[in-house]
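# A look at the structure
The chain contents come next:
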Amino acid sequence: MDEITLSLNLADTESAEEPKERIIDRELIIIGGGPAGLTAAIYGGRAQLKPLVLLGQAFGGQAATSNEMENYPGFADGINGMALAESIAKQAIKFGAELVYEVVTEIDETVYPYIVRTYGATYRTKAIILCTGAAPRKLGVPGESQFIGRGVSFCATCDGYFYRDRPIVVVGGGDSAIDEGLYLTRFASKVTVVHRRDTLRANALLQQRAFANPKMEFVWDSEVEEVLGDDTVTGIRVRNNKTDETQVIPADGIFVYIGFRPNVALIDGKLELTPDGYILTDKRQRTTLPGIYAAGDVQDPNFRQTVIAAGTGAAAAMEAERFIAEQQYQAEEKAAQAATTQNTVSPEHLQ
C-alpha cells in the first residue's frame, strides 16, 4: 500500500454545527504517551503547534516496562525504558508540548475541526495523531503480572541479551513465538517452547529451523498454570491438556507470545483497520481520514521496536504540520475571495 485516498474536503466542513459544551481549541492533539507520541510531541512542538499530549492513565508505553534497553541508538551502556521516556518527554516540553494525564473517551470525526472528549475536558483540534499502542496478550495466570520486568517479558529483542547462558521458556506456537525463540537461542543455554497444541502454527520454514536447532526443545499440548519465582522467575508450572498431568519447567526467563491486541477502541468504526485489527496507514502515517494520523505499535504489527515507533511519530507530526498549514492557507484564500466578492461593485450600480 503506497497511498490512502483522502476524499473529505475539510474546507467545506467548518460550518458544521459545533457541540454546545465548552470547547478548548488546540492545533494538534496527540493521544498516547509512548515513544511514538512523545517523539511526535517534539516535532509538533518544534513546528510551534503547541501540541497537547493526552497520556491516559499511563506514561511511557511498552518501552517503560523494559528494565534496560541496549538497542536504542545513542546509549552505548543502555538505558532504563522509563528513563528514556522521561527524557523524550522533557525534550518535548522544552519545545512547547503540554502533557496531561487525561483519558480520551470519544473522538468525533463527523465535524471539523475534530472533537476530542476526555473525562475532564472537550477539545477541538485541526489534527490528531493516534499513538495508543498495542498490548501483549497475557496468560492471565498467577505470578505473571508480579514478575513482569523480573523474568516475564514480551520482547526478545529488548530483553534476550540478559539471559546469556541461562534457560528460558517461550510460550506460544505462532510465527512470533518461533521467530523470537530462534533469536533467543543466540543467548540462552536452552529455549523450551510450550505450546497448547501438538503442532506449531508457525510457517514451515520457521518450523524447519526450530526443529533443527539443538538449543530448542518443545513441550506439547500444555498450558501454563502459574509463573514461579521469589525475587525473580525460577520457572513455570504447566498442565498437559490431554493427560491432565502437571510439571514444573525450570527457567530464568519467560517470554510470552500469544499475540498482541492493538488499542483501537477509540476509533472503532471510524477508521479503516487492517485484517488483523491495526490502524491502516500509508507510508506517510496517514489514516483513512484526513488530518488523522497513526504512529507506533497501533499501526505496526511487525516490529514493535522503540526506535521504529519514535520514527513513525516524527513522520506523523511532520505530516500533521503540513496538513494544518494547508488548511490555514485554504481558509485564508477563501476569506480573501469572499472579501473580494463583497467589495466588487457591479456596473449597474455606477449608472
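Residues numbered from 1 in each chain as written. Predicted model: local features only at pLDDT ≥ 70, side-chain atom pairs only at ≥ 80, totals over all residues. Heavy atoms only, no water.

### Details of the pattern of salt bridges
- By the definition in use, this model includes 15 salt bridges.
- With a shortest N-O distance of 3.6 Å, aspartate 221 and lysine 242 are connected by a salt bridge. Of this pair, aspartate 221 sits in the loop between strand E11 (216-219) and strand E12 (222-229) while lysine 242 sits in the loop between strand E13 (233-240) and strand E14 (246-250), and the two are 21 residues apart along the sequence.
- The exposure class of aspartate 221 is buried, given its relative accessible area of 11%.
- The partner of aspartate 244 in a salt bridge is arginine 239, with the nearest N and O atoms 3.1 Å apart.
- What makes aspartate 244 exposed here is its relative accessible area of 52%.
- Where salt bridges share partners, they join Asp198, Asp221 and Lys242 into one cluster. (Salt bridge = Lys/Arg side-chain N within 4 Å of Asp/Glu carboxyl O. Helix = DSSP H or I, 4+ residues; strand = E, 2+ residues; numbered from the N terminus. Buried < 20%, exposed > 50% of the residue type's maximum accessible area, 1.4 Å probe, protein only.)

### What to know about the layout of surface pockets
- Size it by volume and the second largest pocket reaches roughly 570 Å³.
- Lining the second largest pocket are 27 residues, with Gly172, Arg201, Tyr257, Ile258 and Gly259 positioned closest to its centre.
- Elements with a contribution of two residues or more to the lining of the second largest pocket: helix H4 (175-184) and E12.
- For the lining of the second largest pocket, a count of residues per class yields eleven nonpolar, seven polar and nine charged. (1 Å grid on protein atoms, 1.4 Å probe; cavity = no way out; pocket = protein on both sides within 12 Å on 5 of 7 lines; lining within 4 Å. Points joined across faces, edges and corners; volume = space filled by probe spheres on them. Nonpolar A, V, L, I, M, F, W, Y, C, P; charged D, E, K, R; others polar.)

### Brief notes about the nonpolar core
- Ranked by size, the top nonpolar core spans 56 residues in total, and within it Ile31, Ile129 and Leu130 carry the most contacts.
- Not counting residues up to four positions away in its chain, the partners in contact with isoleucine 31 are Leu54, Val104, Ile107, Val116, Ile128, Ile129, Leu130, Cys131, Thr132 and Leu266.
- If you look at the next biggest cluster of nonpolar residues, it comprises 18 residues, including Ala177, Leu184, Leu206 and Met216. (Core = buried A, V, L, I, M, F, W, Y, C linked by side-chain atoms within 4.5 Å. Contact = heavy atoms within 4.5 Å.)

### A closer look at the pairing of strand E1 (residues 24-31)
- Note that E1 and strand E6 (residues 122-130) share seven bridges and pair parallel. Note that in E6 the partner of isoleucine 31 across the bridge is leucine 130.
- In the sheet, E1 pairs with strand E2 (residues 52-54) via three bridges, with the strands oriented parallel. Note that in E2 the partner of isoleucine 30 across the bridge is valine 53. (Pairing = 2+ DSSP bridges.)

### A look at the sheet that holds E13
- What the three strands build is an open sheet, ordered E12-E13-E14; its pairing is antiparallel. Two strands bound the open sheet, and with one partner strand each, they are E12 and E14. For this sheet, the mean inter-axis angle between neighbouring strands, taken without regard to orientation, is 25°.
- Relative to E13, E12 runs antiparallel, the two being bridged by seven bridges. Across the sheet, the residue bridging to valine 227 is isoleucine 236, located in E13. (Axes fitted to C-alpha atoms, helices over the stretch in contact; angles between N-to-C directions.)

### A word on the side chain of threonine 192
- Mapping threonine 192 onto the fold places it in strand E10 (residues 190-194).
- Once you skip the residues sitting within four places of it in the chain, threonine 192 turns out to touch Ile168, Val169, Val170, Glu217, Val219 and Ile249.

### Let's talk about the environment of arginine 166
- With respect to the helices, strands and loops of the structure, arginine 166 is situated in the loop between helix H3 (156-159) and strand E9 (167-171).
- Residue classification places arginine 166 among the partly exposed positions, given a relative accessible area of 31%.
- For arginine 166 and phenylalanine 59, which are 107 residues apart along the polypeptide, the C-alpha to C-alpha distance reads 32 Å.
- When sequence neighbours within four positions are dropped, the list of residues in contact with arginine 166 reads Ala188, Ser189, Lys190 and Asp252.
- Of the polar contacts made by the side chain of arginine 166, one reaches the backbone oxygen of phenylalanine 162; its length is 2.8 Å. (Polar contact = N/O pair within 3.5 Å; in protein donor to acceptor, adjacent residues only side chain to side chain.)

### A few points about the sheet that holds E11
- Strand order in the open sheet formed by five strands is E8-E15-E9-E10-E11, with parallel pairing between adjacent strands. Pairing within the sheet leaves two strands with one partner each, and these edge strands are strand E8 (152-153) and E11.
- Of the pairings in the sheet, the one linking E8 to strand E15 (residues 253-256) comprises two bridges and is parallel in character. Each residue of the ladder has a partner; that of serine 153, found in E15, is phenylalanine 255.
- The sheet contacts of H4 involve E9, E10, E11 and E15, and relative to E9 the element is tilted by about 170°.

### Examining the state of the cysteines
- Applying the stated criterion to the full structure yields one disulfide.
- In this model cysteine 155 forms its disulfide with cysteine 158; the gap between the sulfur atoms is 2.3 Å. In this structure the cystine formed by cysteine 155 and cysteine 158 twists about its S-S bond by roughly 70°; its chirality is therefore right-handed. By the burial criterion, cysteine 155 is buried, and cysteine 158 matches it.
- Cysteine 131 takes part in no disulfide bond, and the closest cysteine sulfur to it belongs to cysteine 158, at a distance of 18 Å. (Disulfide = S-S within 2.5 Å.)

### A short note on the confidence of the model for the protein
- Here the protein averages 91 in pLDDT, while 91% of its residues score no lower than 70.
- In the predicted structure, residues 10-15 sits below a pLDDT of 50 and forms twelve contacts with residues beyond four places in sequence or in another chain. (pLDDT = per-residue confidence, 0-100.)

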